[in-house]
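Structural overview
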Amino acid sequence: MISAPPGDGEDFFSSLEKVFSISENDIRVMIEDFHVEMGKGLFGDKSSLKMIPSFIDKPKGNEKGEFVALDLGGTNFRVLTVILDGKGNVTVPAASEFAIPRKHMRGTGVSLFDFIAGCVDTFLTENHIDRNKTHDLAFTFSFPVEQTSIAAGKLIAWTKGFTATGVQGRDVMVLLNEALKRIDIRCIHITALVNDTVGTLAAGSYSDPACDLGVIMGTGTNACYREALSNMEKLNVADRNGHMIVNIEWGNFDKVKPNAYDRSLDKTSVNPGAMYLEKMVSGMYLGEIARLVLMDLIGRELILVNKPHAAQYFQERGSFKTEDMSLIEGDKTGRLEGVTLFLERNGILNISLRDKTQFKRLCGIVSSRAARLGAAAISAVLTWMDPNLKDRHTVGIDGSLFEKHPGFSTKMTDVFKELYGQKSEKIALVHSKDGSGRGAAVIAAVAASSERNTKIN
Ligand code: ADP
Ligand code: MG
C-alpha cells in the first residue's frame, strides 16, 4: 500500500515511520489550520469544524441536586444517579452499564430508543428508585447534534458506526421522551441534552475552575471549550455578554493528510469522507489501522511468514482492536510474553521474538501518531483561548483510550514540551473518569438554575 524501497523489513519500517510521522512543524501548521476552521465554524461559514453552541456556560461549583444521567457514547450505554453537593463534589450512588447490541446501533431509531428506555426501566427497578417522584434527567448524547436549546437538538449525522434509521434530522429528546412513554415511564423529566465533551468539561470545572477544555478519547474523539458570545457570530442572541460552551466536533477536522491506510479504512467505513481526524485518533479505528498495516507487512512477507493461520485470522476486518494494541504496547517483558499470550489466545502459535517485536513496533507507530494529533488538537484550542499560554489550563479527558492505553498521555505531554518548552507545565491533562455522565448532571443543575434558556430564531 505504501511505496517502500525493496529490501528487508527495516527499510519498510523506516518508510512506515515516515508515512505516520507528525513532525513539530506539521503540528504548528495543523494548529494554524485548526484556528482558521474554528473561526469559520463560529462565524457560520462552511468549515470542517461545526462549532456547535451548547446553550450553557461552565458551572460555578455551587450547583446542587440529585439527577439521573444517561450516557450514550458509542460503545456502552450508562445510566447513573448523580448527587451534587454544591461544594464541587460529585457522587454516583448507582451506575449501570449496558452494551449496545449491533442490531440497535444499525437498526431503526425506534428500536434503539426502545432499548435505551428499557435500560432506564431496568435501572429504576434494580436501584429501587421511587417512581412516584419526578426525577430530573440529563442525557449525554455523544453525536453531532444541532442544539437549539439546552433541552432540544437534532441529530446532524451519525458517527462511530451508528446508522439507526429515522433519527437523523430529528430531535433526540423527543425520541427519548416518546420511547419512555411507550413503556409508561412517567417519573422522568428530561431537562438537559449534553454532548459528552460538554459533560466532561462541566464535571472537570465543577471541582476545578482552571478546567477549560473537555476532551473525549474513547470510541470517538472530540472536545469543547468556553467561548465568548461576542465571538459567536452565527448565534442569533440579543445579549452578547457572557460565555457559552462550544462543542467543536473536532473528529471531523479534515486538514490532516490521510495516508493509504487511512484512505483504505475510510472507504470501508459507514461514513466515508467524514471524520478524518477521528479515524486517525480514536479507539474505534486505531486497531483497524494497525491491522491494515499488519496485513500489508504480511502481504510483503516481512512478518509472520509461513503462518497462514495468522494471515487468515488478521484478514478479517475488526479482528484487531485498539484494546489489543494497549496490551501489546504495554508488554514490557523481554520475550514479549503478553504478545505471545494474545496470539496464542487467537490460535496463532510459535511466533518468533522478531515478529512479536515488529508487531509491537507497528502498533507504536499507529498510536504515536494518534497521541500527537490529539495533543495538536488540544494545543490548537488552548492557544485559541490563550495565545501565549499566560494561564494554567486543566484539560479534563474522558474515554477508555486515554485511560487505558499505556503511554498515550505521556506522548501527548511530550508534544506540549516540544511546542512550548517550560510553559507546557501550565497544561495539565486530567483523566475525568465518567466525566461525560457525571457532568451531564452538573449541566442539568446549571440549566435548572439558569434563567436564560436561549432559543435560536
Ligand atoms: P465511549 O466512547 O463509547 O463513551 P469509552 O470511553 O469506554 O466509551 O471508549 C470505548 C472505546 O475505547 C472502545 O471502543 C475501544 O475502542 C477503546 N478502548 C477500550 N479499552 C481500551 C484499552 N484497554 N486500550 C485502548 N483503547 C481501549
Ligand atoms: Mg463516553
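Just above, that's the structure.
Notes on the structure follow. (Residues numbered from 1 in each chain as written. Chains lettered and ligands numbered in written order. Predicted model: local features only at pLDDT ≥ 70, side-chain atom pairs only at ≥ 80, totals over all residues. Heavy atoms only, no water.)

Let's talk about the overall build of the protein
Filter applied, for reference: In this text, helices come from DSSP runs of H or I with a minimum length of four residues, and strands from runs of E with a minimum of two, each type numbered from the N-terminal end. Within these notes, the globule rule equals 2.2 Å times the number of residues to the 0.38 power, and the radius of gyration is based on C-alpha atoms. Partly exposed describes any residue whose relative accessible area lies between the buried limit of under 20% and the exposed limit of over 50%, with all areas from a 1.4 Å probe on protein chains only and scaled to the type maximum. Accessible areas in this description were obtained via Shrake-Rupley with a 1.4 Å probe; residue shielding takes into account the shown protein chains only. Counting rule for charge: Lys and Arg are taken as positive, Asp and Glu as negative, and neither His nor the chain ends is counted. Throughout, a charge is located at the NZ atom of Lys, the CZ atom of Arg, the CG atom of Asp or the CD atom of Glu.
Along the backbone of the protein there are 16 helices and 13 strands. What you see for the protein is a C-alpha radius of gyration of 23 Å, in line with the 23 Å of a compact globule of 457 residues. For the protein, the C-alpha atoms occupy an extent of roughly 70 × 50 × 35 Å along the three principal directions. With 457 residues in all, the protein has 56% of them scored as buried. With an accessible surface of roughly 19,000 Å², the protein has 50% of that area assigned to carbon and sulfur atoms. Across the protein, the 54 positively charged side chains and the 56 negatively charged ones have centroids separated by 1 Å.

Observations regarding the site of ligand 1
Here is the rule we go by: For each residue, the test is whether any non-hydrogen atom lies within 4 Å of the molecule or strand; if one does, the residue is near. We define a polar contact as two N or O atoms separated by no more than 3.5 Å, with the added condition that, inside protein, one atom must be a possible hydrogen donor and the other a possible acceptor, whereas residues neighbouring each other in sequence contribute only through side-chain atom pairs. A 1.4 Å probe that fits but cannot get out identifies a cavity on a 1 Å grid over protein atoms alone, an open set with protein on both sides within 12 Å along at least five of seven lines counts as a pocket, and a residue lines either if it has an atom within 4 Å of a point. To be counted as sitting in a cavity or pocket, a molecule needs more than half of its atoms within 2 Å of that site's grid points. Ten residue types, Ala, Val, Leu, Ile, Met, Phe, Trp, Tyr, Cys and Pro, are classed as nonpolar, four, Asp, Glu, Lys and Arg, as charged, and the remainder, Gly among them, as polar.
Looking at ligand 1, there are 15 residues lining it, with Thr75, Thr219, Gly283, Ser326 and Ser400 nearest. Separating an oxygen atom of ligand 1 from a backbone N or O atom of glycine 74 is a distance of 3.4 Å. Glycine 283 has a polar backbone atom sitting 2.8 Å from an oxygen atom of ligand 1. The protein chains hide 81% of the 570 Å² of surface that ligand 1 would expose on its own. Judged by its atoms lying within 2 Å of the grid points, ligand 1 is housed in the largest pocket. Only helix 9 (283-299), helix 11 (322-329) and helix 14 (400-404) provide two or more residues apiece to the shell around ligand 1. Taken together, the residues of the shell around ligand 1 sort by class into two nonpolar, eleven polar and two charged.

A closer look at empty space enclosed by the protein
Test applied: Grid points are joined across faces, edges and corners, and a volume is the space filled by probe spheres set on the points.
One pass over the full model with this rule turns up two cavities of 30 Å³ or more. In this structure, the largest cavity spans a volume of roughly 90 Å³. Contributing to the lining of the largest cavity are 14 residues, with Ser142, Lys160, Thr221, Asn222 and Glu278 lying nearest its centre. Among the residues making up the lining of the largest cavity, the classes are represented as four nonpolar, six polar and four charged. Here the second largest cavity defines a volume of roughly 60 Å³. Ile52, Pro53, Ser54, Phe141, Phe143, Val145, Gln147, Leu193, Val194, Asn195, Val198 and Asn247 are the residues that line the second largest cavity. Elements supplying a minimum of two residues to the lining of the second largest cavity: strand 1 (52-53), strand 6 (145-149) and strand 8 (188-194). Split into classes, the residues belonging to the lining of the second largest cavity amount to eight nonpolar, four polar and no charged.

A word on the layout of surface pockets
Quantified by volume, the largest pocket comes out at close to 1,500 Å³. If you go around the largest pocket, you meet 45 residues; those closest to its centre are Thr75, Thr219, Gly283, Met284 and Glu323. Elements that contribute at least two residues to the lining of the largest pocket include exactly strand 3 (76-85), helix 3 (102-105), helix 9, helix 11 and helix 14. Top element by residues in the lining of the largest pocket is helix 9. It accounts for five residues. Residue classes in the lining of the largest pocket are distributed as nine nonpolar, 20 polar and 16 charged.

A look at helix 6 (residues 196-207)
Our working rule: The span you would expect from a helix comes to 1.5 Å times its residue count less one.
Compared with the 16 Å implied by 1.5 Å per residue over twelve residues, the 17 Å span of helix 6 between its first and last C-alpha is a close match. Taken across its twelve residues, helix 6 has eleven buried, putting it largely inside the fold. The complete set of buried residues in helix 6 reads Asp196, Thr197, Val198, Gly199, Thr200, Leu201, Ala202, Ala203, Gly204, Ser205 and Tyr206.

What to know about the pairing of strand 2 (residues 64-72)
Note the threshold: One requirement defines pairing of two strands: DSSP has to find at least two bridges between them.
By the bridge criterion, nine bridges tie strand 2 to strand 3 in an arrangement that is antiparallel. Pairing of phenylalanine 67 across the sheet is with valine 82, part of strand 3. The turn joining strand 2 and strand 3, which pair antiparallel and follow one another in sequence, is formed by three residues; a positive phi near 145° is taken by glycine 74. As defined by bridge partners, strand 2 adjoins strand 5 (residues 135-141) across five bridges and the pair is classed as parallel. What sits directly across from valine 68, in strand 5, is leucine 137.

Let's talk about the packing of aromatic side chains
We apply this condition: Pairing of aromatic rings covers Phe, Tyr and Trp, the last through its six-membered ring, and needs centres within 6.5 Å; plane angles under 30 degrees mean stacked, over 60 mean edge-to-face, and all others mean tilted. Each ring is checked for a lysine NZ or an arginine CZ that lies within 6 Å of its centre and within 35 degrees of its normal; such an atom marks a charge sitting over the ring.
Taken as a whole and assessed by the stated rule, the structure comprises 16 aromatic pairs. Judged by centre distance (5.9 Å) and plane angle (65°), the rings of phenylalanine 320 and phenylalanine 342 are edge-to-face. Of this pair, phenylalanine 320 sits in the loop between helix 10 (308-315) and helix 11 while phenylalanine 342 sits in helix 12 (residues 337-345), and the two are 22 residues apart along the sequence. Under the relative-accessibility criterion, phenylalanine 342 is labelled buried at 2%. Of note, lysine 160 hangs over the ring of phenylalanine 143, and the distance from its end group to the ring centre comes to 4.7 Å.

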